[in-house]
Every structure is written in structure tokens, then in C-alpha cells.
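This is what each chain is made of:
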Amino acid sequence: MKKLQRPLLILILFLATLQLNAQDFEERLVQPQSSCDQISLRSSELFPYYMEAGLIDSASLLLDFWNNKCGNSEPVSRANLLLVLKMHYFTEEMINNYFLNMMNIYDDRMSLINDNKNYIYNYNHAIFDYVPVGGVFDKWSKEIANEMLEYYREGETEYLLCLFYSGQTELAYRLLLEPPYTTSAVGKLYAEKLNEALKLPLLSIGFYTGAWIPEGQLSRMGVHPELGFTYGVKIKEHSFDLVMGFKFINTPSEYKALRFKDSDTEYTDYFFGGYVGLEYSRDLLNYRPYQSYLTLGIAYDGFTMLKEDEDAELKASSANSYNFNVGLGTRILLFRSNYVNMGIRYNLVDYTLNNKFFLKGNVFTVRLSYQLMNNQYRENRLKALHYPY
């Protein structure tokens, strides 16, 4: 009997342990857990209360807890910044590489509030870091930042930050483009991000009309209208374009031409030409909405003198030439990325190269064009920076 008691006791203890573990596991499953949405919501309500009550130590402890549990979200970053501004502990070393991202997130919040779209928060709490748009925390942020404006002088970074978080975000972004804020930590970060955005290439497409105006002996050919299009890319102040155009309308008087080098001279007034080239432009002056630029180009140029005659089995004859050109132009911003361009070029040509045409001279060309430049990603980044482009 004693031999059975010991194994029986071990079995009872083992079953009791299993039962306790099962109960403990069940309790863990049903035990309420503190999630980030609850912590953020409650912290965003308690933090303003502690600050207004002058309980700075409690506010600091709450902020540490909020940050440790939910990370350095925009509301946490904003709370920390307003705390140090309130206590006059701010230093420019507190501005890190992510600060502009936090500013943009807050700016988006203000846009929703100003447009009475607070309800968007209900569709996805996580996007807004579980802090209600236009709620207690947002209202308090604007109020305390507005109050602190009187404690700082214009030109100080602290003043700019208080101005921004008081809800005057548009003005704050504009001031970042002006001294003395351009040399502040926020201004330097803003300039860096702006330069990155401006370096992004713009795709460009344009359509132009103009005039082909010859000089010297070539002036006997008369002035001819031109039509064409451009397609290229613009990187900051540099533009690179493929240009294709054509010129037309018969000449005012007949001129001599050869169908073949050793054929008889023929008289014709027919004129239909083409231009295919690569052009580079460099912006010179920029006084919005006006921009001036210098342009250089190299192209294949020419025109048909004698049309093909199928009945007589005669091929068409053309006068072709290189084209090196230089010019000046003005670009006027119409709206967003839509421009009107006006430019004049001087073209070095020689249509006598193939010995079928006999008039020498160079050409002026005048263009009036409509141009669209676009890069949606670049546009979105500049819009987020409130850059007046």
C-alpha cells in the first residue's frame, strides 16, 4: 500500500499543476491589455491637463510613457516640443532629419480641421496616431503655441515654431524662405529638402508656331511659317529637348534648283522643309512668373525644292544642311506647370552643301510655344513644402 501512495501523490501534484497552468493561461487570454490606441487617446487628453495645471513633472513622465509605448509619433513629437518651448529649454540640436515630416503631418491635420473634415479620423485611427483630429490635444496645441508667441521675438526659431503650431502654417513655411530663418536649423533642413525636390526632373512637352526668316542671298526665299513640337526633360535650370518641326508655303518668286547634280537647272517656287534637332536651354533670370533663358541647338535642317513626279519617274530634290543655332527666350508661367515661351534664334546653315541649291545665307527663327512641364511626385513634394512654384 505504501508503495502505491508515493506514485499517487506525484500524479495528484502533476494534475494540480496542469490545472493551475491552464487557469493562468486562461487568465492571460481574457486579461485586458493596454493597447497603443488607448494609451495615445488617454495621453493626448491627460497631457494638456497636466500642463495647464502646472504639473510639469507629471506631464514629463506621461510623455516618456507615451513615447515608450507608442513611439515618437507626430503628437508625441509635438508634445515634447511644446513642453521644451514652454520651459524655455529649446535648442536647435532638437531639430532632426525627420522634423519636416512631423511638420507636414501637423500641416495636414490643420488642413482637415480648417476644411471641417475632422470626421475622416473615424475611418482610420492609426493614420492619425490614435489622436482625434481637432480633439482636445489639437485645440490645446494651437492655444498654448499662440500664447507663447509673446514670449519670443520675431527672427528666433522658437517664434517660428510657435507660429507654426498656432495654426499659421502657411506663413511659417513662407518665412523659412527668408532671412534670418534660412540660417536656422529648421531653415537649413527645409532648404535641403527643397533642393532635393527641385532636382527631380520635369518631363516637358510643347507645341510651337513661328517664322523662318532668312537673310543674305537666302532672303529671296521669303519668310515662311513653322509648326512643331518639343519633347524633353528639365532638371533645375537645365532643359534638354528633342525638337521636330516643319516650314511651308511656296516662295514669293521662283528660284533655281537641280534635281540631280548634273541635271539641267529648273525653276521652282515649291518649298516644304523640316527640322530635327537637339536643343539645350539654361535659365538665366527668374522673376516669377517670368523666366529668361539662353538656348543652344544642333539640328538636321532642309527643305524640298522639287516634288516627285511619278509619271516622269523623277525623284524629289531637297536642299539639306546642318543647323547650329543660339538664341534667347522668355518663359511665362500661366498656371501650375503650364508655360508660354517666346524666343528668337540665329541659325547657321548652308543649304548649298549638296550642290543642288545656290543661295547662301543664315536664318532667324522666331517661336511662340505652349509648354507643359510635369512630375507629379515632384509637385507633391513641393506642395508639402508650400513652395511657391
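This one's a predicted model, so the numbers in the text were calculated from it and none came from an experiment. All residue numbers here refer to positions counted from 1 along the written sequence of the relevant chain. Since the coordinates come from a predicted model, pLDDT governs what is reported: local features require at least 70, and pairs of side-chain atoms require 80 or more to be given and counted, while whole-chain, interface and lining totals use all residues. Remark: hydrogens and water are excluded; side-chain values derive from all non-hydrogen atoms of the structure.

Draft legend 1. Inspection of the state of the cysteines at higher detail. Pairs of cysteine sulfur atoms within 2.5 Å are what we label disulfides. Tallied over the entire structure, the rule returns 1 disulfide. The residue that forms a disulfide with Cys 36 is Cys 70, at a sulfur-sulfur distance of 2.3 Å. In this pair, Cys 36 sits in helix H2 (residues 36-52) while Cys 70 sits in helix H3 (residues 56-70), placing the two residues 34 residues apart along the sequence. The numbering of helices and of strands both runs from the N terminus, where a helix is a DSSP run of H or I of at least 4 residues and a strand a run of E of at least 2.

Draft legend 2. Looking closely at the packing of aromatic side chains. Aromatic rings from Phe, Tyr and Trp, with only the six-membered ring used for Trp, were paired whenever their centres fell within 6.5 Å, and each pair was classed as stacked if the ring planes differed by under 30 degrees, edge-to-face if by over 60, and tilted otherwise. Counted under the stated rule, the structure contains 23 aromatic pairs. On the basis of an interplanar angle of 55° and a centroid distance of 4.8 Å, the ring pair of Tyr 106 and Tyr 165 is categorised as tilted. With Tyr 106 in helix H5 (residues 99-114) and Tyr 165 in helix H7 (residues 157-165), this residue pair connects regions lying 59 residues apart in the sequence. Taken individually, Tyr 106 and Tyr 165 each receive the classification buried, so the pair is uniform in this respect. Each member of the aromatic cluster is reached from another via a ring pair, and the members are Trp 212, Tyr 255, Phe 271, Phe 303, Tyr 351 and Phe 357. When the NZ atom of lysine or the CZ atom of arginine is within 6 Å of a ring's centre and also within 35 degrees of its normal, the charge is said to sit over that ring. Against the face of Phe 358 rests Lys 256, its NZ or CZ located 5.9 Å from the ring centre. The ring centre of Tyr 208 lies 4.5 Å from the NZ or CZ of Arg 367, which sits over that ring. Three exposure classes are used, based on accessible area relative to the maximum for each residue type with a 1.4 Å probe and protein chains only: buried under 20%, partly exposed in between, and exposed over 50%.

Draft legend 3. How the structure looks around the nonpolar core. Definition used in this section: a nonpolar core is a set of buried Ala, Val, Leu, Ile, Met, Phe, Trp, Tyr and Cys residues joined via side-chain atoms within 4.5 Å. Among the nonpolar cores identified, the biggest contains 56 residues, and Phe 47, Leu 85 and Phe 99 are the most heavily contacted of them. Those elements that provide at least two residues to this core are H2, H3, helix H4 (74-86), H5, helix H6 (136-148), H7, helix H8 (169-175) and helix H9 (185-198). A contact between two residues is defined here by any heavy atoms of the two lying within 4.5 Å. Setting aside anything within four residues of it in sequence, one finds Phe 47 in contact with Ala 59, Leu 62, Leu 63, Ala 79, Leu 83, Phe 137 and Trp 140. Residues Trp 212, Ala 257, Tyr 351 and Leu 359 belong to the second largest nonpolar core, which totals 15 residues.

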